[in-house]
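Reading the structure
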Amino acid sequence: MWKIPLGEYPELTAKGLANTGTENYGGPIVTAGDLLFIGATVYDKKFRAFDSRTGQLLWETALPNAGVATPVTYMVDGKQYVVIAAGGGKDPKGSSGSLYVAFSLP
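Presented here is an overview of the structure given in this document. This is a predicted model, so every value here is computed, not measured. (Residues numbered from 1 in each chain as written. Predicted model: local features only at pLDDT ≥ 70, side-chain atom pairs only at ≥ 80, totals over all residues. Heavy atoms only, no water.)

1. Overview of the pairing of strand E2 (residues 35-38)
Pairing between strand E1 (residues 29-30) and E2: 2 bridges, direction antiparallel. Pairing of Val30 across the sheet is with Leu36, part of E2. Here E1 hands over to E2 after 4 residues, with Asp34 in that stretch at a positive phi of 65°. Direction of pairing for E2 relative to strand E3 (residues 46-51): antiparallel, over a ladder of 4 bridges. Among the inter-strand pairings, Leu36 is bridged to a residue of E3, identified as Phe50. (Pairing = 2+ DSSP bridges. Helix = DSSP H or I, 4+ residues; strand = E, 2+ residues; numbered from the N terminus.)

2. Some words on empty space enclosed by the protein
Throughout the structure, instances matching the rule amount to 1 cavity of 30 Å³ or more. As for the largest cavity, its lining consists of Val42, Lys45, Ala66, Gly88, Gly89, Asp91, Gly94 and Ser95. Looking at the lining of the largest cavity residue by residue, the class counts come to 2 nonpolar, 4 polar and 2 charged. (1 Å grid on protein atoms, 1.4 Å probe; cavity = no way out; pocket = protein on both sides within 12 Å on 5 of 7 lines; lining within 4 Å. Points joined across faces, edges and corners; volume = space filled by probe spheres on them. Nonpolar A, V, L, I, M, F, W, Y, C, P; charged D, E, K, R; others polar.)

3. Comments concerning the sheet that holds E3
The pairing of strands in a sheet comes from backbone hydrogen bonds and takes either a parallel or an antiparallel form. Strand order across the open sheet formed by 4 strands is E1-E2-E3-E4, with antiparallel pairing between neighbours. The open sheet terminates on both sides in strands that have one partner only, identified here as E1 and strand E4 (57-62).

4. Considerations on the pattern of salt bridges
A complete count under the given rule lists 5 salt bridges for this structure. Between Glu60 and Arg48 there is a salt bridge whose closest N-O contact spans 3.3 Å. Of this pair, Glu60 sits in strand E4 while Arg48 sits in strand E3, and the two are 12 residues apart along the sequence. The partly exposed category is assigned to Glu60, whose relative accessible area is 35%. One network of salt bridges, with partners in common, ties together Asp44, Lys46, Arg48 and Glu60. (Salt bridge = Lys/Arg side-chain N within 4 Å of Asp/Glu carboxyl O. Buried < 20%, exposed > 50% of the residue type's maximum accessible area, 1.4 Å probe, protein only.)

5. Focus: the packing of aromatic side chains
In the structure shown here, the tally under the stated rule is 7 aromatic pairs. Where Trp2 meets Phe50, the ring centres are 5.8 Å apart and the plane angle is 35°; that geometry is what we call tilted. Residue Trp2 is found in the segment before helix H1 (10-14), and its partner Phe50 is found in strand E3; the two are separated by 48 residues along the sequence. Considering the side-chain rings of Tyr74 and Tyr81, the 5.3 Å spacing of their centres and the 20° angle between planes classify their relative orientation as stacked. On the accessibility criterion, Tyr74 (37% relative accessible area) is partly exposed. Members of the aromatic cluster, joined through ring pairs, are Phe37, Phe47, Trp59 and Phe103. (Phe/Tyr/Trp six-rings, centres within 6.5 Å; stacked < 30°, edge-to-face > 60°.)

This is the structure:
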C-alpha cells in the first residue's frame, strides 16, 4: 500500500541528506486503531508511529539506545501501552544497554 525509507544516518542528516533509510532490525506492530509502531533503526535510535493505511508519520521520539526489536502492546484497566526493548548493540559506535521503554496511547 505504501513504501518509505525508514531511518536516517545522523552524519548524512547533519549534511542535509534526510530520509535516506538505513538497515533495520526488528519488525512493526499494528494496533486495532491502524497505528503502525516500529523502532528497528540502528543509527538514529528513533521509535516511530505511522498511519498504517497511508504511511504518514504521526509521531517519533528518540530512544536512549536503538530499538532493534519488535514492539509489543498491552492493555491495563482500559489503557493501552506500547513497549520496545531499547538495547542497541548493532552500531559499533553507538550505545547499548538493557532498557524497556513504554508509552501510553491516548
